[in-house]
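A structural walkthrough
Okay, here's what each chain looks like letter by letter:
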Amino acid sequence: KSSLAQISLAKHLKETGAVMYSAYWCPHCHDQKEMFGKEAVSELVIIECAADGQNNQRKLCDIKGITGFPSWEINGEIESGVQSLKELADLSGFEGQRNF
């Protein structure tokens, strides 16, 4: 279950154009999603990069140079690896409640 702070951060990330590049088989991607909770994850823009993944956008991932999962694109910068919610808030300029 997602807290209001987690949902607010996810909405902020979506509104500011942040994207999470993921692969369905990636345990770290699963961990990243768990940090947000079910409701907040549904607000995120998540791009599937695995060539055999459902609705994959492999070509976009290649163009962006994504080599590790998860990777975040925030304000035009790529951050690879699991990011804490605080780190995502800092990177994206989130100014809402941070009681994650």
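Please refer to the structure placed before this passage.
Residues numbered from 1 in each chain as written. Predicted model: local features only at pLDDT ≥ 70, side-chain atom pairs only at ≥ 80, totals over all residues. Heavy atoms only, no water.

1. A look at the overall build of the protein
- Scanning the protein for helices and strands turns up five helices and four strands.
- Written out in order from the N terminus, the α and β elements of the protein read α-β-α-α-β-α-β-β-α.
- Here the C-alpha radius of gyration of the protein, 13 Å, is about what a compact globule of 100 residues would show, namely 13 Å.
- Projected onto its principal axes, the C-alpha positions of the protein cover 35 × 25 × 20 Å.
- Per-residue burial over the protein gives 41% buried out of 100 residues.
- Sequence-distant contacts in the protein: of pairs separated by 6 or more residues, those separated by 24 or more amount to 65%.
- Taken as a whole, the protein presents about 5,800 Å² of accessible surface, with 49% of it coming from carbon and sulfur.
- For the protein, the distance from the average position of its 10 positive side-chain charges to the average position of its 14 negative side-chain charges is 5 Å. (Helix = DSSP H or I, 4+ residues; strand = E, 2+ residues; numbered from the N terminus. Rg over C-alpha atoms; globule rule 2.2 N^0.38 Å. Buried < 20%, exposed > 50% of the residue type's maximum accessible area, 1.4 Å probe, protein only. Contact = heavy atoms within 4.5 Å. Areas by Shrake-Rupley, 256 points an atom, 1.4 Å probe, with all protein chains shown as cover. Lys, Arg positive; Asp, Glu negative; His and termini not counted. Charge placed at Lys NZ, Arg CZ, Asp CG, Glu CD.)

2. A look at the side chain of Glu73
- In this structure, Glu73 sits in strand 3 (residues 71-74).
- A distance of 2.7 Å separates the side chain of Glu73 from the side chain of Tyr21, its partner in a polar contact.
- Not counting residues up to four positions away in its chain, the partners in contact with Glu73 are Gly17, Ala18, Val19, Tyr21, Lys64 and Ile78. (Polar contact = N/O pair within 3.5 Å; in protein donor to acceptor, adjacent residues only side chain to side chain.)

As far as function goes, none of this settles anything; it's purely spatial.
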